[in-house]
Number of protein chains: 2
Amino acid sequence: MGPLDGYLPYLLNRAGSRIATAFSEEVRPLGATLQIWRVLAALRERDGRRMGDLSETTSIEVSTLTRLVDGMEKKGLVARRRDAADARAVALHVTPAGRRLTQRLVPIAERYETVALAGFNAVEAEALKAALRRLYANMDALEKPQRLRG
Amino acid sequence: MGPLDGYLPYLLNRAGSRIATAFSEEVRPLGATLQIWRVLAALRERDGRRMGDLSETTSIEVSTLTRLVDGMEKKGLVARRRDAADARAVALHVTPAGRRLTQRLVPIAERYETVALAGFNAVEAEALKAALRRLYANMDALEKPQRLRG
DNA sequence: CATCATTATTTGCATTTACAAATAATGATG
DNA sequence: CATCATTATTTGTAAATGCAAATAATGATG
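Residues numbered from 1 in each chain as written. Chains lettered and ligands numbered in written order. Predicted model: local features only at pLDDT ≥ 70, side-chain atom pairs only at ≥ 80, totals over all residues. Heavy atoms only, no water.

## Re the protein's contact with DNA strand D
As a structural note, the neighbourhood of DNA strand D is formed by 20 residues, with Gly52(A), Arg67(A), Arg80(A), Ser63(B) and Ala87(B) the closest of them. Contact between DNA strand D and Arg88(A): a base oxygen at 3.3 Å from a side-chain N or O atom of the residue. Arg67(B) is positioned with one of its side-chain polar atoms (N or O) 2.8 Å from a base oxygen of DNA strand D. Secondary-structure elements contributing two or more residues to the surface near DNA strand D are helix H3 (51–58) and helix H4 (62–74) of chain A together with helix H4 (62–74) of chain B. Counted by class, the surface near DNA strand D contains 4 nonpolar, 6 polar and 10 charged residues. (Near = heavy atom within 4 Å. Polar contact = N/O pair within 3.5 Å; in protein donor to acceptor, adjacent residues only side chain to side chain. Helix = DSSP H or I, 4+ residues; strand = E, 2+ residues; numbered from the N terminus. Nonpolar A, V, L, I, M, F, W, Y, C, P; charged D, E, K, R; others polar.)

Rendered as structure tokens:
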């Protein structure tokens, strides 16, 4: 393995960390954090998600998510409800206050995307996104082999 | 802003987290962690780096790095030395034990790169890396405007 | 050489994080 | 319907993290 800046996981982490740090700093005055934004963004896409689903989408470990949601509930941003279909599960719903905060965060998030992709044309930007999706899917190969059901 | 999976920072974090989690799990039996690997990899590229430099290259916050290095020193992987040129700075050096651990981690790291880029040809892989470097550089625009010196 | 602004690292401390174990509910199976 | 394996979430607890303040050393400046 040669220089760090030819190593993909390094480049990925470096870029991700830099966006994350800058974004965190920027939303702090609004009383938000990056993790809160991730949850709100996931619920904005689809409200009433379960904890497990939310954990998967946000890449936040479930036990961490539980406590993050505790805090968001205290702030009145979301509400836990027992899932109608399966009472083991908890469905999370945004409140009006949560929606208002989301509305303030979306433009910031959009700006980050714009800045990050400055100088990329539409084709290049889409190629990058496609590559990242592909990369994510490729990692299936390293997952603990799942027991087959049935 | 539309669906999450069209949002670049989301894709970036998702891919990065997935690699990070899998890698962490895999190196745990060796007594290593992802952060330890990051430090060792940076020192492998260039030994005797200062803490600040190391923090920048690894994306680990300096105060966190200090304590991480404390632990690595206790494990005998690295040694702190006062920087020759500037006694305010601390230069970090790998020990033989650190080198041995690095040698065991490199093949694992290489495998991660291979798996992540499965199905990419050389041109596509290089394009992705170039895009990530570019994206990282683009974030300069959001940095707190630095006071000019002189 | 004392003072002072600057830079590099460490420490204090409160919060966040993650693994593992505990709890809660489901859906068979007998 | 009691039992049991399975799935979803939470809790216990120790370690990692990050901001802010403290410490240490430098390099002018007088």
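## As for the protein's contact with DNA strand C
Contacts to DNA strand C come from 20 residues, most closely from Ser63(A), Ala87(A), Gly52(B), Arg67(B) and Arg80(B). Taking Arg88(A), its side chain carries an N or O atom lying 3.4 Å from a sugar or linking oxygen of DNA strand C. Residues of the surface near DNA strand C, tallied by class, amount to 4 nonpolar, 6 polar and 10 charged.

## Considerations on the packing of aromatic side chains
Taken as a whole, this structure holds 4 aromatic pairs over all chains when the rule is applied. On the numbers, 6.1 Å between centres and 45 degrees between planes, the contact of Phe23(A) with Trp37(A) is tilted. Of the two residues, Phe23(A) sits in helix H1 (residues 8–27) while Trp37(A) sits in helix H2 (residues 34–45), which places them 14 residues apart along the sequence. Comparing Phe23(A) with Trp37(A), the two get one shared label, buried. Three or more aromatic residues joined by ring pairs form one cluster here, namely Phe23(A), Trp37(A) and Tyr112(A). Arg14(A) extends its terminal NZ or CZ atom over the ring of Tyr136(B), reaching a point 4.0 Å from the ring centre. A cation sits over an aromatic face here: Arg134(B) above Phe120(A), 4.2 Å from the ring centre. (Phe/Tyr/Trp six-rings, centres within 6.5 Å; stacked < 30°, edge-to-face > 60°. Buried < 20%, exposed > 50% of the residue type's maximum accessible area, 1.4 Å probe, protein only. Lys NZ or Arg CZ within 6 Å of the ring centre and 35° of its normal.)

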